[in-house]
Amino acid sequence: MTVSAGVAAGHPATAEAGAGILADGGSAADAAVAAALASCVAETVMTGLLGGGHAIYFDAASGTTRNLDCFCAVPGLGAPARRAELLHMDVPFGAELVHYAVGPASCAVPGVPAGLHALWEAHGRLPWASLVEPALRLARDGVAMPPAHVSCLEMLEPVMTLREGARIYAPGGRLLHTGELLRQPGLVPALDLLAAEGAASAYTGAIAASLLDLLKERGGLLTADDLGAYEPVWSEPTETSWLGLRFQSRDGLSGVPGTLARLPPLRELSPAARVVAFAEALDGSPGPETHTTNLVTVDADGNACVLTTSLGLGSGDWLPGLDLHLNSMLGEVDLLLGPLEPGDRMASMMAPSVVLDEAGLVLALGAAGGTRLRSALVAVAAGILDEGLEPQAAVDRGRVHPAGELVNAEPGVDEAGLALLEAAGRTVRRWPERHHYFGGVSALGRAGTAADPRRSGAVRIPAAG
């Protein structure tokens, strides 16, 4: 049994862009590039071209897997060191007020354009310009806002309506509603530049020039030397033996390999004991509250790509005439680990993953959600591979996310298990409904496909040629 070709992503338009490329004979990498560019139009509440990301690519012919780090880097090369002047604000996130730091000085060196080019250069088949075209169509026509993205926009209104953002997300003085078109006309020339100049446009070309001009005017830290020096990095994945399978991902802040090692087999436990075991395996220090999106592609040859990208929260600044939102990674204090120097790569919780057995690919999956990314990804992987759930059922079921002594729980989590946690001294916060707080998972596997309703996700299968 093999994994069927398809795309799972955080927005129907993103998934459709990738599936169209697969139908045209593109590889999993081609589809991932096209879908990611489409997400930079359709999912700009979650991600954008000037953000950072991580990918994993499984090559079916050779049976090899590689990680790709295209996350953001610390700026400041070729310039005197100076302290970032950040704009601080509290944003309501579900039942919590979360502190954020944004503004032009929060913008780190973007990695998404270079990462997409690296995927295409290593594993692509179709011309670069053809991979940009689906995103261009979305930018020309506008794209409907799905319910989960509207919910996130309402939460992030203080940042998303700063400066140029008010025109995009609150035209006429009112936030966009479900089904209304998100129009970002500046993305048309931005994508035209990307099609003509390639990813270099964001580092040495016209997009780079616009970025540097804006940051010089507004007090950012990014320099031309930073952009010129940036390179994506290929590496070997971290492999964990789990349930007799090879689980390949990345470590670092993701914490996924360690969580899998602590998680006992769940299929032999009662539903209540599963809740307790899962919460205990996930216990650990909280990480950053970033806003991300994730996509998974598999082509007809069995190659697979999982790509997770983010702007952080976004700085609240958009490139004039190009509608490109700057990232805010330097405002994510939990990503600034240790004494970082200009040029150093920032840490990330992202964990795009593939699972293999002797016959090849079993499952490709990834998650969005900052601190909740790990709990969402491990819960879905365990649901599919350990508990035997259909992929969509594993994604849909209620999730648990521990944050210190507090355990957050969605509806549907076993009440006897939550009572055991409370008896052990934990505080359980029962959320009234399924919520995008609990992350967003995309998955393609032998057992089926899944996209997360918490992010209005979608799966698309390429049309037969």
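Residues numbered from 1 in each chain as written. Predicted model: local features only at pLDDT ≥ 70, side-chain atom pairs only at ≥ 80, totals over all residues. Heavy atoms only, no water.

Points about the overall build of the protein chain
Logical step 1: Within the protein chain, the regular secondary structure consists of 15 helices and 20 strands.
Logical step 2: The globule rule puts the C-alpha radius of gyration for 465 residues at 23 Å, and the 21 Å found for the protein chain is close to it.
Logical step 3: Overall, the C-alpha framework of the protein chain stretches about 60 × 50 × 45 Å when taken along its three principal axes.
Logical step 4: The proportion of buried residues among the 465 residues of the protein chain is 61%. (Helix = DSSP H or I, 4+ residues; strand = E, 2+ residues; numbered from the N terminus. Rg over C-alpha atoms; globule rule 2.2 N^0.38 Å. Buried < 20%, exposed > 50% of the residue type's maximum accessible area, 1.4 Å probe, protein only.)

Details of the sheet that holds strand β16 (residues 406-409)
Logical step 1: An order of β15-β16-β17 is seen for the 3 strands of this open sheet, with the pairing classed as mixed. Bordering the open sheet on either side are β15 (400-403) and β17 (427-430), each of which pairs with just one other strand. Each strand axis lies, on average, 25° off the axis of its neighbour in the sheet, ignoring direction.
Logical step 2: Two strands pair when backbone bridges link them, and β15 and β16 are joined in this way by 4 bridges, in the antiparallel orientation. Bridge pairing in β16 links H401 to N408.
Logical step 3: Sheet strands in contact with helix α15 (residues 415-423) are β16 and β17, and its direction is about 145° off that of β17. (Pairing = 2+ DSSP bridges. Axes fitted to C-alpha atoms, helices over the stretch in contact; angles between N-to-C directions. Contact = heavy atoms within 4.5 Å.)

Quick notes on the layout of surface pockets
Logical step 1: By volume, the largest pocket is sized at about 550 Å³.
Logical step 2: As for the largest pocket, its lining consists of 20 residues, and the residues nearest its centre are V74, P75, R82, A84 and L221.
Logical step 3: Residues of the lining of the largest pocket, tallied by class, amount to 13 nonpolar, 5 polar and 2 charged. (1 Å grid on protein atoms, 1.4 Å probe; cavity = no way out; pocket = protein on both sides within 12 Å on 5 of 7 lines; lining within 4 Å. Points joined across faces, edges and corners; volume = space filled by probe spheres on them. Nonpolar A, V, L, I, M, F, W, Y, C, P; charged D, E, K, R; others polar.)

Quick word on the packing of aromatic side chains
Describing an aromatic ring pair means giving the distance of the ring centres and the angle of the ring planes.
Logical step 1: If you walk through the whole model with that rule in mind, you get 7 aromatic pairs.
Logical step 2: Relative to W318, the ring of Y169 lies with its centre 6.3 Å away and its plane at 50°, an arrangement referred to as tilted. Here Y169 is found in helix α7 (residues 165-169), whereas its partner W318 is found in the loop between β12 (304-312) and β13 (353-357), with 149 residues between them in sequence. The pair Y169 / W318 is uniform in exposure class, with both members buried.
Logical step 3: Residues W242 and F247 carry aromatic rings whose centres are separated by 5.8 Å and whose planes lie at 80° to one another, so their mutual orientation is edge-to-face. With respect to burial, W242 and F247 carry one shared label: buried. (Phe/Tyr/Trp six-rings, centres within 6.5 Å; stacked < 30°, edge-to-face > 60°.)

Let's talk about the sheet that holds β12
The strands making up a sheet are joined through hydrogen bonds of the backbone, oriented either antiparallel or parallel.
Logical step 1: Spatial ordering of the open sheet is given by β8-β3-β2-β12-β11-β1-β20, a layout of 7 strands whose pairing is antiparallel. Either end of the sheet is taken by a strand with one partner, and the two such strands are β8 (233-235) and β20 (458-460). Between one strand and the next, the sheet's axes are offset by a mean angle of 15°, whatever the strand orientation.
Logical step 2: Pairing between strand β1 (residues 6-9) and strand β11 (residues 291-298): 3 bridges, direction antiparallel. If you follow V7 over to β11, its bridge partner there is T297.

A closer look at the side chain of T47
Logical step 1: Locating T47 in the fold gives a position in the loop between α2 (28-42) and β2 (52-59).
Logical step 2: On the basis of relative accessible area, T47 is assigned to the buried category, the value being 1%.
Logical step 3: Within the local environment of T47, its side chain forms a polar contact with the side chain of T309, the two groups lying 2.7 Å apart.
Logical step 4: Other than its neighbours up to four places away in sequence, T47 contacts S39, T293, T309, S310 and L311. (Polar contact = N/O pair within 3.5 Å; in protein donor to acceptor, adjacent residues only side chain to side chain.)

Some thoughts on the packing of helix α4 (residues 128-141) against helix α8 (residues 187-197)
Logical step 1: Direction vectors running N to C along α4 and α8 enclose 175°, while the axes themselves pass 9 Å from each other. Here α4 is positioned roughly antiparallel relative to α8, judged by the angle of their axes. On α8, the residues that touch W128, A129, V132, A135, L136, A139 and R140 of α4 are L187, V188, L191, D192, L194 and A195.
Logical step 2: Taken together, the residues that form the contact of α4 with α8 break down as 11 nonpolar, no polar and 2 charged. (Parallel < 35°, antiparallel > 145°, perpendicular 65-115°, else oblique.)

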